[in-house]
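Below, each chain spelled out in residue letters.
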Number of protein chains: 4
Amino acid sequence: MREQQMLDAAVRTFGRRGYMAASMDEIAELAGVSKPLVYLYLNSKEDLFTACIRREADALTRAVRAGVRPDLPADRRLWDGLLAFFAHTGEHPDAWSVLHLQARTHGEPFAAEVAAMRTEIVAFVTGLVVVAAREAHSDPDLPEDEVAGLAEALVGAAESLAAWANATPGVTARQAAATLMNFAWAGLGDLMRGNRWTPPPEAPQGRGEPRA
Amino acid sequence: MREQQMLDAAVRTFGRRGYMAASMDEIAELAGVSKPLVYLYLNSKEDLFTACIRREADALTRAVRAGVRPDLPADRRLWDGLLAFFAHTGEHPDAWSVLHLQARTHGEPFAAEVAAMRTEIVAFVTGLVVVAAREAHSDPDLPEDEVAGLAEALVGAAESLAAWANATPGVTARQAAATLMNFAWAGLGDLMRGNRWTPPPEAPQGRGEPRA
Amino acid sequence: MREQQMLDAAVRTFGRRGYMAASMDEIAELAGVSKPLVYLYLNSKEDLFTACIRREADALTRAVRAGVRPDLPADRRLWDGLLAFFAHTGEHPDAWSVLHLQARTHGEPFAAEVAAMRTEIVAFVTGLVVVAAREAHSDPDLPEDEVAGLAEALVGAAESLAAWANATPGVTARQAAATLMNFAWAGLGDLMRGNRWTPPPEAPQGRGEPRA
Amino acid sequence: MREQQMLDAAVRTFGRRGYMAASMDEIAELAGVSKPLVYLYLNSKEDLFTACIRREADALTRAVRAGVRPDLPADRRLWDGLLAFFAHTGEHPDAWSVLHLQARTHGEPFAAEVAAMRTEIVAFVTGLVVVAAREAHSDPDLPEDEVAGLAEALVGAAESLAAWANATPGVTARQAAATLMNFAWAGLGDLMRGNRWTPPPEAPQGRGEPRA
DNA sequence: TATGAATGAGTGTTCATTCAT
DNA sequence: AATGAATGAACACTCATTCAT
């Protein structure tokens, strides 16, 4: 469909140039259509950008979901999800740029759109963490706050590794997933078993922790 | 100095509005000087932005370094570094927005600038990981690639948590640091001891991992 | 006929939005046909507008003529004409807007079109004035120039009252006609009888009448 | 001043082309400045148009007021006002087009602006009519409604004659004023003396007055 | 006969950048 | 050392107009 061509061109242009630097002229030309046609199908630059975000957010979550089989154990599910995630972002770097960088840099309407997707992914990871905790018989259930922070850290690490894998030639989705999985699963396991790192007491005054 | 006022205004404006949406008019007004003066000191919008990035990247690395005492053990050094990092980003959200979001979203020249800083931080973390490995007598030294990936993941998680801590009221630098430290140090420790999570064999054909 | 629907829609749209602000899209939609069909029947926006002007000018002059019975005396003919005029413009405000405002505001081709109609109406009024003069035995026939000016003034007053009556709720066609008739017929009568207002001598120099 | 040049160019362009057909490019070029400068001084096309209307409305009312000496009798005041009016509109046809045609054809904001001026002029004329009535010892004071209608008609006639005088070569301001004065003053005088034209009784049904 | 789909040309508006002083 | 005044180049968006069917 004509609309898909336009969205393709838009994702590519937005992903490479950024939202503001991308011109509708360039997008139209890249799509091989006239500018008014772009406006006919997608009403404005804002709407076009939103449509890109939505399409790519959908595609990404769908890809991750498709990679995970619910009947497998939690660790395997996390592994498969990561693998799917890195594979997808690696194959669609412009889309990943739109979601990870551009959408978050240009105001609430767009940031909110991508935040919805992220929330979904964080929830997915949180679920895995909870299941893992249960499987590990972590007697005192992890406090909710901590779980949220962990999921956030995990997702953040994944996002960062995606960019890194894209930028570093020779790093495959499998390697990225393995790195993160090794790091995270062990950490989680230890946490479940109650092995925590104890921070030093808060510095009483003046010095101690860095001044600011 | 006059130039610092301008950079202050620029960081604030770039951080809040984004690189392209920030207008030189607004920056000059906020700095309380005339526009031509801005051009006199900093030659163009690009140069001004670059100067912002450099100044704030310096400030951030300096803050982190200042927080770390080289005579303490590796875990404590990591903790202090994280604490300093979260404290600084929390106190200078506009600067963090410039470094973490804006600079990476607007083309190579700027992305490269911030990449340099990031490289430095990753190297610092890598150093800690290596020391930690040695302290743990991790017999077969971790392969370089893996160490790089780990540091990358750690830094990425930290960056993500910084944004999360900024956006979530009631989360202090200490809490963010604790969350990450707990998660990471255990994971690293396990890794050193050779406890790795073994990925399933690569899917031979057709199905298995998602094709995307 | 299909064409009439289009003209109806066009008159309404042109009358309310103005020539330039009216879009062919809106006209076509209001007429319930597709845009290319409008172009098939009426060749261009200009031609469409011209057709509107012509149709409405015809309708107006026809309405005025239909209101006047040639066998009645001049004053009664003027009265009936005015009544018909105010009634028609009151019932077709969009058409009146097209003729009185839009057509005169958008360049020669259109202004000329409506000027033709106006000439006809002025001629009609002029005829009445001449007859009235003859009936009043105005000994020295009124000079042609003067008659033309009088007719022009009368028609102008009528046009202005039409807009006023349209805009002022509660003013009927009859009232508008009465106001003008009272004013005009007495003035004409006096004129016929040679009662003129004598202007002061032209100011010889410098001051007197305003220089502007 | 630079701003006056721009307004001159704008009045000329708006007056000749109409509000919508006038392009900011053309206005800027005619004023001999760059387009951004026009936007610097006058903020938008709307504001520019409003500024034109205001300036020309002021100029016109000032010209009329300057032409009238309050110590002279009412008829002479009316004459002088008309003379000034026709002289001014004759000398500034584009300005007159802006006020009389363009401003009224493009929506409330502009129409309201010029309506204020018109109200002032109508009030001036109304005042003269009332004074004239008193001087003529018109025993039963004219009803307010009637006075309003008369003033409206007079002003309308004047406006119409202004356009006519502009369009008809060889007609001077003096001639236009004389025509209207002759016509109006006699009519008013008659009216004062109670000589009214009696309309025929309203048609009872069906036919009679035009069907409209 | 009638239209869905498409566009060339142009609009108002903004902004980084530069002289003249 | 500092600025008021000015602009070239671009951008998002619209609309009268026309094919292919």
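Residues numbered from 1 in each chain as written. Chains lettered and ligands numbered in written order. Predicted model: local features only at pLDDT ≥ 70, side-chain atom pairs only at ≥ 80, totals over all residues. Heavy atoms only, no water.

Before going further, it helps to spend a moment on the interface of chain A and chain B. Counting residues at the interface gives 57 residues for chain A, matched by 57 residues for chain B. Between chain A and chain B the total buried area reaches about 5000 Å² when both faces are included, carbon and sulfur atoms providing 63% of it. Counting the surface chain A buries against chain B, the share from its top three residues, N182, F183 and W197 of chain A, is 17%. Run the count over chain A and chain B and you get zero salt bridges. Taken together, the links from chain A to chain B amount to seven residue pairs in polar contact (both at pLDDT 80 or more). Of all the secondary-structure elements, those providing two or more residues to the side of chain A that touches chain B are α5 (74-91), α6 (93-102), α8 (144-167) and α9 (173-192) of chain A. Among the elements that take part in the side of chain A that touches chain B, α9 of chain A stands out by supplying 13 residues, more than any other. (Contact = heavy atoms within 4.5 Å. Buried area = accessible area lost by both parts, 1.4 Å probe. Salt bridge = Lys/Arg side-chain N within 4 Å of Asp/Glu carboxyl O. Polar contact = N/O pair within 3.5 Å; in protein donor to acceptor, adjacent residues only side chain to side chain. Helix = DSSP H or I, 4+ residues; strand = E, 2+ residues; numbered from the N terminus.)

Near DNA strand F lie 27 residues; those nearest to it are K35 of chain A, K35 and Y39 of chain C together with R2 and P36 of chain D. The share of sugar and phosphate among atoms of DNA strand F within 4 Å of the protein is 58%. One of the side-chain nitrogen or oxygen atoms of S34 of chain D is found 2.7 Å away from a phosphate oxygen of DNA strand F. Here a phosphate oxygen of DNA strand F sits 3.0 Å away from a polar atom, N or O, in the side chain of Y41 of chain D. Elements with a minimum of two residues in the surface near DNA strand F: α3 (35-41) of chain A, α3 (35-41) of chain B, α3 (35-41) of chain C together with α3 (35-41) of chain D. Looking at which element gives the most residues to the surface near DNA strand F, the answer is α3 of chain B, with four residues. Its residues assigned to classes, the surface near DNA strand F shows 14 nonpolar, six polar and seven charged. (Near = heavy atom within 4 Å. Nonpolar A, V, L, I, M, F, W, Y, C, P; charged D, E, K, R; others polar.)

Glancing now at the side chain of S97 of chain D. Residues and elements named next belong to chain D. Position of S97 among the secondary structure elements: in helix α6 (residues 93-102). Taking relative accessible area as the criterion, S97 reaches 12% and is therefore assigned buried. Non-local contacts of S97, meaning those with residues more than four positions away in its chain, are made with G15 and Q102. (Buried < 20%, exposed > 50% of the residue type's maximum accessible area, 1.4 Å probe, protein only.)

Moving on to the interface of chain D and chain C. With 57 residues of chain D in contact, the opposing surface of chain C contributes 58 residues. Here chain D and chain C share an interface that buries about 4900 Å² over both sides, 63% of which is from carbon and sulfur atoms. At the boundary of chain D and chain C, one finds zero salt bridges. Counting the contacts that link chain D with chain C gives seven residue pairs in polar contact (both at pLDDT 80 or more). Broken down by secondary-structure element, the contributors of at least two residues to the side of chain D that touches chain C are α5 (74-91), α6, α8 (144-167) and α9 (173-192) of chain D.

It takes a turn of 178° to lay chain A on chain B, together with a shift of 0.0 Å along the axis; the resulting RMSD is 0.4 Å. A rotation of that kind, with that shift, is consistent with a two-fold axis. The rotation axis passes nearest to the C-alpha of G187 of chain A in chain A, at a distance of 1.7 Å. Both copies present the same face, since 96% of the interface residues in chain A are matched by interface residues at the equivalent positions in chain B. (Least-squares fit on C-alpha atoms with pLDDT ≥ 70 in both.)

Turning to the relation of the copies chain D and chain C, a few remarks are in order. Once turned by 178° and shifted 0.0 Å along the axis, chain D lies on chain C with an RMSD of 0.4 Å. Same-surface contact between copies: 96% of interface residues of chain D are shared with the interface of chain C.

Right, let's talk about the pattern of salt bridges for a bit. A pair can form between side chains of opposite charge whenever their charged atoms are brought close. Scanning the model with the defined rule gives 52 salt bridges over all chains in all. Of the charged contacts in the structure, one is a salt bridge between D71 of chain A and R69 of chain A, with a shortest N-O distance of 3.3 Å. The class of R69 of chain A is partly exposed, set by a relative accessible area of 39%. A salt bridge links E113 of chain C to R54 of chain C, with the nearest nitrogen and oxygen atoms 2.4 Å apart. Taken together, the residues span a long stretch of sequence, with E113 of chain C in helix α7 (residues 108-135) and R54 of chain C in helix α4 (residues 45-67) at a distance of 59 residues. Overall, the relative accessible area of 22% leaves E113 of chain C in the partly exposed class. In the salt-bridge network here, residues are joined through shared partners; they are R104, R118, E152 and E159 of chain A.

Turning our attention to the UniProt feature "DNA-binding region" (unreviewed entry) in chain A. Residues annotated in UniProt with the feature "DNA-binding region" (unreviewed entry) correspond here to residues 23-42 of chain A. For residues 23-42 of chain A, helix accounts for 75% and strand for 0%, while the C-alpha atoms at its two ends are 14 Å apart. (UniProt positions renumbered as here; feature names shortened; annotations may be inferred.)

On to the UniProt feature "domain: HTH tetR-type" (unreviewed entry) in chain A. With numbering matched to this structure, UniProt assigns "domain: HTH tetR-type" (unreviewed entry) to residues 1-60 of chain A. Within residues 1-60 of chain A, the helical portion is 78% and the strand portion 0%, while the C-alpha atoms at the span's ends are 21 Å from each other.

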